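This is what each chain is made of:
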Amino acid sequence: MPSVVGAVNINSNSGTVNFGDALNISPKATSKTFSGSGGGNTGNIVNTVNGVSLTNTLDPSIIDQPQVGNV
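Cut-offs and rules
- Residues numbered from 1 in each chain as written.
- Predicted model: local features only at pLDDT ≥ 70, side-chain atom pairs only at ≥ 80, totals over all residues.
- Heavy atoms only, no water.
- Buried < 20%, exposed > 50% of the residue type's maximum accessible area, 1.4 Å probe, protein only.
- Polar contact = N/O pair within 3.5 Å; in protein donor to acceptor, adjacent residues only side chain to side chain.
- Patch = residues over 30% accessible without salt bridge, like charges linked within 9 Å, V, L, I, M, F, W, Y side chains within 5 Å.
- Areas by Shrake-Rupley, 256 points an atom, 1.4 Å probe, with all protein chains shown as cover.
- Salt bridge = Lys/Arg side-chain N within 4 Å of Asp/Glu carboxyl O.
- Contact = heavy atoms within 4.5 Å.

*Asks:* Explain the environment of Asn56 to me, please; I cannot follow it from the model alone.
*Replies:* The class for Asn56 is exposed, based on a relative accessible area of 60%. Linking Asn56 and Gly36, residues 20 residues apart in sequence, is a C-alpha distance of 9.1 Å. Within the structure, the side chain of Asn56 is placed 3.0 Å from the backbone nitrogen of Leu58, a separation counted as a polar contact.

Below, the structure written as structure tokens:
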């Protein structure tokens, strides 16, 4: 089934960019990062106004996103 892709703006890429139809998109790698409030914002113009920002890095979970079966 064909798809229509409008305007595209890619500022940075460290992986694969998919346009159009895709049967299955699954992660091949996972990672965990900790950043403060608004620390992961991306875009051409970002205006983030935050007060006090604390990041809780305590994470008791052992497995967050398993990759078993992702081919």
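*Asks:* Which parts of the structure should I look at to understand a nonpolar patch on the surface?
*Replies:* Together, Val5, Val8, Ile10, Val17 and Phe19 give the surface a local cluster of nonpolar side chains, amounting to about 430 Å² of exposed area. Residue classification places Val5 among the partly exposed residues on the basis of a relative accessible area of 44%.

*Asks:* Can you walk me through the environment of Ser35 in this structure?
*Replies:* Classification of Ser35 as partly exposed rests on a relative accessible area of 42%. For the pair formed by Ser35 and Asn13, sequence separation is 22 residues and the distance between their alpha carbons is 19 Å. Every residue in contact with Ser35, bar those within four places of it in the chain, is listed here: Gly40 and Thr55.

Without other data, these values stay purely geometric and don't point to any function.
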